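Close look at the chain arrangement
Spelled out from the first residue to the last, the chains are:
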Amino acid sequence: MARYELVKRSVALITLTNPPVNALSSAVRHAIAKSMECALSDPKVTAVVICGENGSFCGGADIREFAGPLKGPPLVPLLDAIEAGEKPVVAAIEGVALGGGFELALVCHYRIAHSKARLGLPEVTLGILPAAGGTQRLPRLIGISAALELITTGRHISAQEALKLGIVDQVTEQNACEVAVEFALRAVAKPLLSRRVSMPCKPREIRSAAVMGIKRECLHGHEQDLGMVPSLGTMGRGIAVCLARVGISVIAVESENKLLETGRQMVIGMLERDAKRRGVSASLNLLKFTISLQDLKDVNLVIEAVFEDMALKKRVFQELSKVCRPATLFCTNTSGLDVDALAGVTDRPHLVVGMHFFSPAHVMKLLEVVCGPRSSSETIATAMSLGKRMGKVRVAVGNCPGFVGNRMLKPYIDQATFLLEEGDFGFAMGVFRMSDLAGLDVGWRVWKESGLTGSDVDPENPPRRRQGRRYCPIPDMVCEKGRFGQKTGRGWYMYDKRGGTNAKPDPLIQILLETYRSKYGIQPHNISNQEIIERCLFALANEGFRILEDGIAARPEDIDVIYLFGYGFPRHRGGPMFYASMVGLERVLERLEHYHQAHPDVPHLKPSPLLKKLVACGSPPVQKWREHIKTMHSHL
Ligand code: NAI
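Residues numbered from 1 in each chain as written. Predicted model: local features only at pLDDT ≥ 70, side-chain atom pairs only at ≥ 80, totals over all residues.

Right, let's talk about the overall build of the protein for a bit. Across its full length, the protein holds 22 helices and 21 strands. Against the compact-globule benchmark of 26 Å for 636 residues, the protein has a radius of gyration of 28 Å, which places it among compact chains. Summarising its shape, the C-alpha atoms of the protein cover approximately 85 × 60 × 50 Å along the three principal directions. Scored against the burial criterion, the 636 residues of the protein give a buried share of 45%. Residue pairs in contact within the protein that sit at least 24 positions apart in sequence constitute 71% of those at least 6 positions apart. (Helix = DSSP H or I, 4+ residues; strand = E, 2+ residues; numbered from the N terminus. Rg over C-alpha atoms; globule rule 2.2 N^0.38 Å. Buried ≥ 20, exposed ≤ 12 C-beta atoms within 10 Å, placed from the backbone. Contact = placed C-beta atoms within 7 Å.)

Let us now look at the UniProt feature "domain: 3-hydroxyacyl-CoA dehydrogenase C-terminal" (unreviewed entry) in the protein. Within this numbering scheme, the UniProt entry marks residues 402–495 and 532–619 as carrying the feature "domain: 3-hydroxyacyl-CoA dehydrogenase C-terminal" (unreviewed entry). Strand forms 0% of residues 532–619 and helix 67%; the C-alpha atoms that close the span are 24 Å apart. (UniProt positions renumbered as here; feature names shortened; annotations may be inferred.)

What follows concerns the packing of helix 21 (residues 585–598) against helix 22 (residues 609–616). Following both chains from N to C, one finds helix 21 and helix 22 inclined at 135°, their axes separated by 9 Å at the closest point. When the interaxial angle is binned, helix 21 and helix 22 end up oblique. For the pair helix 21 and helix 22, the crossing hand works out as left-handed. Touching Leu585, Glu586, Val588 and Leu589 of helix 21 are Leu611, Lys612, Leu614 and Val615, all from helix 22. Looking at side-chain class alone, the contact of helix 21 with helix 22 contains 6 nonpolar, no polar and 2 charged residues. (Axes fitted to C-alpha atoms, helices over the stretch in contact; angles between N-to-C directions. Parallel < 35°, antiparallel > 145°, perpendicular 65-115°, else oblique. Left-handed = near helix turned anticlockwise from the far one by under 90°. Nonpolar A, V, L, I, M, F, W, Y, C, P; charged D, E, K, R; others polar.)

Here we take up the sheet that holds strand 1 (residues 2–7). Within a sheet, neighbouring strands are paired by backbone hydrogen bonds and run either parallel or antiparallel to one another. Strands sit in the order 1-2-3-4-6-9 across an open sheet of 6 strands; the sheet is mixed. Each edge of the sheet is formed by a strand with only one pairing partner; in this case those strands are strand 1 and strand 9 (170–172). With direction set aside, neighbouring strand axes in the sheet form an average angle of 20°. Sheet analysis places strand 4 (residues 89–93) next to strand 6 (residues 110–114), joined by 4 bridges and oriented parallel. Bridging from a neighbouring strand, valine 90 pairs with tyrosine 110 of strand 6. Helix-sheet contacts for helix 7 (residues 176–187) involve strand 1, strand 2 (11–16), strand 3 (47–52), strand 4, strand 6 and strand 9, and the interaxial angle to strand 3 is about 165°. (Pairing = 2+ DSSP bridges.)

Moving on: helix 1 (residues 26–41). With 16 residues, helix 1 extends 23 Å between its outermost C-alpha atoms, agreeing within 8% with the 22 Å of an ideal straight helix rising 1.5 Å per residue. Turning to helix 1, the residues buried within the fold contact strand 1, strand 2, strand 3 and helix 2 (75–84). (Expected span 1.5 Å × (residues − 1).)

Moving on, we come to the sheet that holds strand 5 (residues 96–98). Reading across from one edge, 5-7-8 is the order of the 3 strands in this open sheet, with mixed pairing throughout. Where the open sheet ends on each side, the last strands, each with one partner, are strand 5 and strand 8 (157–158). Here strand 7 (residues 118–120) runs beside strand 8; their pairing, made up of 2 bridges, is antiparallel. For arginine 118, the partnering residue across the bridge sits in strand 8 and is serine 158. In this fold helix 3 (residues 100–107) packs onto strand 5 and strand 7, with an angle of close to 95° to the strand it touches most, strand 5.

Quick look at the structure:
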């Protein structure tokens, strides 16, 4: 009732053999269960393809069996097991995938359909519902309204419509089984998490947590003499407050006693003020402070918020692996480092996830939950649910440098600094105030780590270019003068005091700019507001399109939520992607092409393929973009 063979040395091919339509009789279910067991236990097998004999995938349940008692393995646990397996399973759909056959295809991690195939859930026409997961998996795959329509009408759809709806990953004119085998080989190295449509996971309940890094110390090395006013914005403190105020007991960790003591006073002060504002009593009894990692041996979850330094973070996670119980979840608040590289140094990569808070963490609503390729669904669900308990707006994002928000910021800030270099607009650009608030040293450290600046780089060879593209060194020059923004009282602007918020233009920056421009023979010219807006915001949205193509964000709406709740994007504009759609994608494309032509050494201005594709499809509204994004490589 099913044939099992090994093809291409490592792909288990399971062919259903129950003519005429390979219905899921008890014998077929039994044969599938046995074959899957073989495939999953055989180390030679790296992937599985399920297909049907005689040009038909599977016509569904064997209705002749409906009358009698259930014989053989029940369908639902069998399907759940296929989906949960650790080897990719690809459905090769020829002929029909109907009812239970469609539900079988839905538990496969990928679906390839022949162009003549037809799919559907016709149960309703027999007066029953798709009871083997179809009502649960289909809405998760294609959204509630499209799924409801298919389930309630029982309509059969073509392979082309299935592709458009996001049900199948590829439509082929060739032999679907052969295409599926090739596809399966390519899928071997890819994470399976996001391909399990039902994501059967429950979040864990978190009762206790530890936060690492609560007191900003003086800047290290030669920066130390600048002194430092601990700002309320430091992440660990804000995160500790967020946890304690929702009743989670918190152990706050610092690296040394002096810092711990100041940190303790600040956290307690913040919590007391917060409780007073909300008219409740401060939950100080939930807080413990320590410099000893040994004290973390019993916590459910750790949120690491130490300096943005990969080597330090790796050391911390290695230590935590030794100290904490095997089931403890490890979260990192890194603002852009590789979450998977951190997971890799632990003894539990599946329990590692990014929880990227925004400064100040006890005020800002946004939380990016960064899903590493090895983060388990339970880990992601727990981070999402903990964020919800903390009152955050949570967005699951994929793991890439800067994730979604900060990755999009790079082209935006680049444009702002290029405009500063070229033009005479002054400082009326939001991005400079924002950078002063966040701390200019943060970006400086990142650029140094990526080899864009620092002692090993010759700034004049060639000047104003790094790694083959345009580079503006002015932000480095500002940092070299010890101007790190609000916290040092000087940055792009000057402030009344360290930590002050009252920004005034600083004549010294004007002089720095003039000297710089005359050194490089740059003739400042007037730049219109329109050009400033277009270059900054269209570059921002362009990176958003790339993020969608790369599968780092699931929807354009997620990107907009991130910018509205984490980056102060004006609410009435709806977020960068919605703004682009309101301006008109055709116009955005035309302007990006224009600016890219004028600045060919700025790759971020090159229109993304997705933007071009959307324009070619008639610029559909934001809600429809998903139909045009094929994310075989989703990172979520
Ligand atoms: P910070 O410099 O204010 O705080 C880092 C703290 O970690 C310091 O108090 C330091 O004493 C402590 N620390 C260092 N080594 C430690 C160890 N071994 N054990 C315990 N504590 C240790 O830095 P900030 O700004 O709070 O950033 C922390 C993390 O949060 C970084 O990964 C950063 O990228 C990220 N982040 C920062 C945001 C911001 O706006 N500042 C926003 C979102 C994320």
